[in-house]
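# Descriptive structure summary
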Amino acid sequence: MSAKYIITVLCLATLMVACKPENGNADMVFDTSFKGARLSKVENIGEKKYVGYVHPESEPVNKSPWFAFAVTSKVKKNIELRLEYGTHKHRYIPKLSTDKVHWKPMELNKIKVDTTLGTATLLLEVSPKKLYVAAQEIETSVDTYGWMKKYVDGDYGVNLKVAGKTALNNANYVLEHEKKDVEDFIVLVARQHPPEIPGGTIGFKSFYETVFSSSETAKKFREKFNIYTFPLLNPDGADKGNWRHNANGVDLNRDWIDFTQPETKMVRQFVADKVEQGGKIRFALDFHTSYSGPYMLVLDSINETKTSGVIPKWIETIESTSSFKVEARQRSQELPYCYNYFFNTYVAEAVTYEEGDEINRDTIRKRASVYAEKLMQTLLEKQKNNAFTK
Ligand SMILES: [Zn+2]
């Protein structure tokens, strides 16, 4: 978002509240000057009443209307802010924060959703202290790359490499945990879709942290499997506050047959190189979030028989040793999704890991951790029994 654009938003907001824009002494400021922000325009429509317009990066677009902004007021007061999405409808329960680190969902009695118009009116307490309001917790490239530092700088044997470039020519990263004499490997892909924080960031991070934990299973797994991780496949989209797409306006998770985008091409080339060098891909996970999650997209019943059965064994282990029940949804392998690429190209088992929009964050972390532990156990057992298909 350009600086000029930010000023437009501020002036519209400030002009409408009888402030003094000539000296910048604004009574109310809506701020979209940070990475991940999205709020297209604000209007003052009455005493302490505002309308915020939220538009997508391009059309057509998935029904995932991301918004993120900060608001400050010279004096503490309650305002009403109606969010309008054009032809789209409100979806996410707004999350609030004063530091962009700690977030909590808005209380439901402070949100009035008009399901016919698709708008949501938020009752916000504003003050001189900056209040961040966003569709989900804000996680930009700065946040994800900051989280990675622990593994890259620490004693984890993780190397950070530039695997390619994004549509905006930014570096795009892979985290490599690789031992030279190890052939079997897994691939983790996260955050193709910018707003999908619950699974794409919170679940993914917990999964990764479990794989790199000091549990006996994790330590053994890291001895026996190489782990290649794309922690934020769409950093441009995340930083621009996109609803769905990369910077070229393309849904990356519909690009795994045509490979028109630098982000998907990058993963394809990376995996092809590893296989060329003798690596054997044994599993892949692609982390997402859906309105109706949690669930996993898995192989259809015919294709499942061509595999060594990691997925059924994994699910059985999760359900028999924890309180989690796995909803596995079978999808056609003809769909241009990431997980199908791994199966269609390498007969590697893979899943789309979907969390739900508003699932309790501790539950998301716990689920991902259990799933990671049980997947590692399952893969180690298959390896030990020489049960991989080829
Ligand atoms: Zn998604």
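Check the entry above for the structure.
Cut-offs and rules
Residues numbered from 1 in each chain as written. Predicted model: local features only at pLDDT ≥ 70, side-chain atom pairs only at ≥ 80, totals over all residues. Pairing = 2+ DSSP bridges. Helix = DSSP H or I, 4+ residues; strand = E, 2+ residues; numbered from the N terminus. Axes fitted to C-alpha atoms, helices over the stretch in contact; angles between N-to-C directions. Contact = placed C-beta atoms within 7 Å. Core = buried A, V, L, I, M, F, W, Y, C linked by C-beta atoms within 7 Å. Buried ≥ 20, exposed ≤ 12 C-beta atoms within 10 Å, placed from the backbone.

## Quick word on the sheet that holds strand 14 (residues 226-230)
If you trace the 8 strands from one edge of the open sheet to the other, you get 11-12-14-13-15-18-16-17, paired in mixed fashion. Two strands lie at the open edges of the sheet, namely strand 11 (158-165) and strand 17 (328-330), each paired on one side alone. Averaged over neighbouring strand pairs, the angle between their axes works out to 25° when direction is ignored. Pairing geometry for strand 16 (residues 295-298) and strand 17, over 3 bridges, is parallel. Across the sheet, the residue bridging to Val298 is Gln330, located in strand 17. Lying over the sheet, helix 8 (residues 310-321) contacts strand 15 (280-290), strand 16, strand 17 and strand 18 (349-356), oriented at roughly 40° with respect to strand 18.

## Looking at the nonpolar core
Grouped together as the largest cluster of nonpolar side chains are 64 residues, with contacts concentrated most on Val187, Val189, Ala284, Tyr339, Ala350 and Val351. The greatest single-element share of this core, amounting to 7 residues, is contributed by helix 10 (residues 361-384). Those residues in contact with Val187 that sit more than four places away from it in its chain are Tyr228, Val271, Ile281 and Ala284. Core analysis: the next-biggest nonpolar cluster, separate from the first, contains 28 residues, Leu39, Tyr50, Ala70 and Leu81 among them.

## With respect to the environment of Asp286
With respect to the helices and strands, the residue Asp286 is situated in strand 15. Owing to 30 C-beta atoms within 10 Å, Asp286 belongs among the buried residues under this scheme. Distance from Asp286 to Phe185, taken between C-alpha atoms, is 15 Å for residues 101 residues apart in sequence. Once you skip the residues sitting within four places of it in the chain, Asp286 turns out to touch Val189, Cys338, Tyr339, Thr352 and Tyr353.

## Concerning the environment of Ile311
Positionally, Ile311 belongs in helix 8. Owing to 21 C-beta atoms within 10 Å, Ile311 belongs among the buried residues under this scheme. Taking the C-alpha atoms as reference points, Ile311 and Glu349, separated by 38 residues in sequence, lie 7.2 Å from one another. The contacts of Ile311, once residues within four sequence positions are left out, are Val298, Leu299, Glu349 and Val351.

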